[in-house]
Amino acid sequence: MQLPITDPVQAAARTAWGEARGEGSRGMQAVLNVIANRVAHPGWWGHDIADVCQRHAQFSCWDETDPNRAKILTVTDTDPQFREALVLARCVAADHLPDLTGGADHYYDRRAPAPYWAQGRFYKRTIGHHAFYRVGLRGDGN
C-alpha cells in the first residue's frame, strides 16, 4: 500500500495535529509518544513513523471516512497548532521527545465509550481527554 505521506516528520505532525490539536502541546506530545513507543517495538501496527501513523484503523484521523482526514492532508504551517506539531514531530523523529505516557502504545478519547481493547489492559495515565494504555507491549515497561 502506498502511504499518502512518506516523510516521517510530516506523517507524525499531521497525526498528532489530527488526533489532539484540541489538547494542546501536551496532548499532541502524548500522541507522538504513542507513535514512538510503537516504532521502538515494530509489529502489526507498523515498522517506521510514517507506517505506524497511517496503518489502517490505528489513528482515526487517517480513516477515509473521518472528517479530519481532509484537514490533515491540507493543513499548512500557517496554522499555529500545526507549527507546534511539526516542532514536536521533529523531536520524536530525532528520538528526543520525553515520554509523557509511561510507555503507552494505545489511547482513546474518554468522552466516548471505552473500546474493547481497553478492558483489563494496562492503564498508564490520562492526559487531557485521552486515556493511555499499554496494550501490545508488556505491561512492565518492556
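Nothing here was measured: the structure is a model prediction, and the numbers come from that model. (Residues numbered from 1 in each chain as written. Predicted model: local features only at pLDDT ≥ 70, side-chain atom pairs only at ≥ 80, totals over all residues. Heavy atoms only, no water.)

Caption draft 1: Molecular detail of the sheet that holds strand 1 (residues 106-109). Spatially, 1-3-2 is the arrangement adopted by the three strands of the open sheet, whose pairing is antiparallel. Taken across any chain shown, the strands that pair with only one partner, and hence form the sheet edges, are strand 1 and strand 2 (122-127). Between one strand axis and the next, the sheet turns by 25 degrees as a mean value, whatever way the strands run. Sheet topology places strand 2 next to strand 3 (residues 130-134); five bridges connect them, and they run antiparallel. Bridge assignment links Y123 to a residue of strand 3, and that residue is Y133. On top of the sheet, helix 2 (residues 24-40) reaches strand 1, strand 2 and strand 3; it is set at about 145 degrees to strand 1, its chief contact. (Pairing = 2+ DSSP bridges. Helix = DSSP H or I, 4+ residues; strand = E, 2+ residues; numbered from the N terminus. Axes fitted to C-alpha atoms, helices over the stretch in contact; angles between N-to-C directions. Contact = heavy atoms within 4.5 Å.)

Caption draft 2: Structural view of the nonpolar core. L32, I35 and F59 are the most contacted members of the largest nonpolar core, which totals 35 residues. Elements that contribute at least two residues to this core include exactly helix 1 (8-20), helix 2, helix 3 (49-54) and helix 5 (80-93). Counting residues per element, this core draws most heavily on helix 1, which supplies seven residues. Within the second largest apolar cluster, six residues are counted, among which are Y108, W117, Y133 and V135. (Core = buried A, V, L, I, M, F, W, Y, C linked by side-chain atoms within 4.5 Å. Buried < 20%, exposed > 50% of the residue type's maximum accessible area, 1.4 Å probe, protein only.)

Caption draft 3: The arrangement of the packing of aromatic side chains in detail. Enumeration over the complete set of coordinates arrives at eight aromatic pairs. Geometrically, the ring pair formed by W44 and W45 is tilted, given 5.1 Å between the ring centres and 50 degrees between the ring planes. Judged by its relative accessible area of 2%, W45 falls in the buried class. On the numbers, 5.3 Å between centres and 35 degrees between planes, the contact of Y107 with F132 is tilted. Of the two residues, Y107 sits in strand 1 while F132 sits in strand 3, which places them 25 residues apart along the sequence. A single burial state applies to Y107 and to F132, both of which are buried. (Phe/Tyr/Trp six-rings, centres within 6.5 Å; stacked < 30°, edge-to-face > 60°.)

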